[in-house]
Amino acid sequence: MNAPDRYERFVVPEGTKKVSYERDTKIVNAASFTIEREDHTIGNILRMQLHRDPNVLFAGYKLPHPLQYKIVVRIHTTSQSSPTQAYSQAIEDLDKELLHLKKAFEDEKNRLEGKPYY
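Residues numbered from 1 in each chain as written. Predicted model: local features only at pLDDT ≥ 70, side-chain atom pairs only at ≥ 80, totals over all residues. Heavy atoms only, no water.

Visitor: Teacher, can you tell me more about the overall build of the protein chain here?
Guide: Across its full length, the protein chain carries two helices and four strands. In sequence order, the protein chain lays out its α and β elements as β-β-α-β-β-α. Computed over its C-alpha atoms, the radius of gyration of the protein chain comes to 18 Å, more than 25% above the 13 Å expected for a compact globule of 118 residues. With the C-alpha coordinates aligned to their principal axes, the bounding extent of the protein chain is approximately 60 × 45 × 25 Å. (Helix = DSSP H or I, 4+ residues; strand = E, 2+ residues; numbered from the N terminus. Rg over C-alpha atoms; globule rule 2.2 N^0.38 Å.)

Pasting the structure below:
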């Protein structure tokens, strides 16, 4: 079969950066970020978080090929921001949201411990 080994979906090869940046030479304040070993899950969450930023004019992602385990995120911002600033802020905001969700889940789990499920 032509499919690569399963571990290749998750393990970033040695010497390869997890995230690489490429500035767009034709559009001002636009860039592409290639994120290795990620798929639609991270791409869509990141895209939606970028759309919350009022300085982001465009945010989208693509999976170049089903057998290549990477996504390419394109960001175009206003002159008040830059693609790298928008990307960093989106990652920070997602991290805070996920920590809040984890804490809420753990609090509820601790509250329900010892109680029957019915």
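Visitor: Explanation requested: the packing of aromatic side chains in the structure shown.
Guide: Here a ring pair, both rings aromatic, is described through the centre-centre distance and the interplanar angle of the planes. A full pass over the atoms with the stated rule returns two aromatic pairs. Seen in terms of ring centroids, Tyr21 and Phe33 are 5.2 Å apart; in terms of plane orientation they differ by 55 degrees. Their pairing is tilted. Of the two residues, Tyr21 sits in strand β1 (residues 19–23) while Phe33 sits in strand β2 (residues 30–36), which places them twelve residues apart along the sequence. Judged by relative accessible area, Tyr21 falls into the partly exposed class, the value being 43%. Overall, Phe33 belongs to the buried group, its relative accessible area being 4%. Considering the side-chain rings of Phe33 and Tyr87, the 4.4 Å spacing of their centres and the 10 degrees angle between planes classify their relative orientation as stacked. Of the two residues, Phe33 is situated in strand β2 and Tyr87 in helix α2 (residues 83–112); the sequence distance between them amounts to 54 residues. Of the two residues examined, Phe33 and Tyr87, each falls in the buried class. (Phe/Tyr/Trp six-rings, centres within 6.5 Å; stacked < 30°, edge-to-face > 60°. Buried < 20%, exposed > 50% of the residue type's maximum accessible area, 1.4 Å probe, protein only.)

Visitor: Sorry, what's going on with the layout of surface pockets here?
Guide: In this approach the atoms are scanned with a rolling probe the size of a water molecule, which exposes any empty space left behind. If you add up the space inside the largest pocket, you get close to 240 Å³. At the level of elements, α1 (40–51) and α2 are the ones that each hand at least two residues to the lining of the largest pocket. For the lining of the largest pocket, the element with the highest residue contribution is α2, accounting for six residues. (1 Å grid on protein atoms, 1.4 Å probe; cavity = no way out; pocket = protein on both sides within 12 Å on 5 of 7 lines; lining within 4 Å. Points joined across faces, edges and corners; volume = space filled by probe spheres on them.)

Visitor: Explain the nonpolar core here, please?
Guide: Burial of nonpolar side chains together is a common tendency in soluble globular proteins. Counting residues in hydrophobic clusters, the biggest one holds 14 residues, and the most contacted among them are Leu46, Leu50, Val73 and Ile75. Elements that contribute at least two residues to this core include exactly β2, α1, β3 (56–62), β4 (70–77) and α2. (Core = buried A, V, L, I, M, F, W, Y, C linked by side-chain atoms within 4.5 Å.)

Visitor: In this structure, what is going on with the UniProt feature "domain: DNA-directed RNA polymerase RBP11-like dimerisation" (unreviewed entry) in the protein chain? I would like to understand it.
Guide: The feature "domain: DNA-directed RNA polymerase RBP11-like dimerisation" (unreviewed entry), as annotated in UniProt, sits at residues 31–103 in this numbering. Annotation note: span residues 31–103, helix share 45%, strand share 29%, distance between end C-alpha atoms 34 Å. (UniProt positions renumbered as here; feature names shortened; annotations may be inferred.)

Visitor: When you look at the sheet that holds β1 in this model, what are you seeing that I'm missing?
Guide: As summarised here, the arrangement of the four strands in space is β1-β2-β4-β3, forming an open sheet in which the pairing is antiparallel. Single-partner strands in this sheet number two, and they are β1 and β3. Here the strands of the sheet are splayed against their neighbours by 15 degrees on average, with no regard to which way each runs. Lying on the sheet, α1 is in contact with β2, β3 and β4; it crosses β3 at an angle near 175 degrees. Across the sheet, α2 lies against β1, β2, β3 and β4, angled at about 45 degrees from β2, the strand it touches most. (Pairing = 2+ DSSP bridges. Axes fitted to C-alpha atoms, helices over the stretch in contact; angles between N-to-C directions. Contact = heavy atoms within 4.5 Å.)

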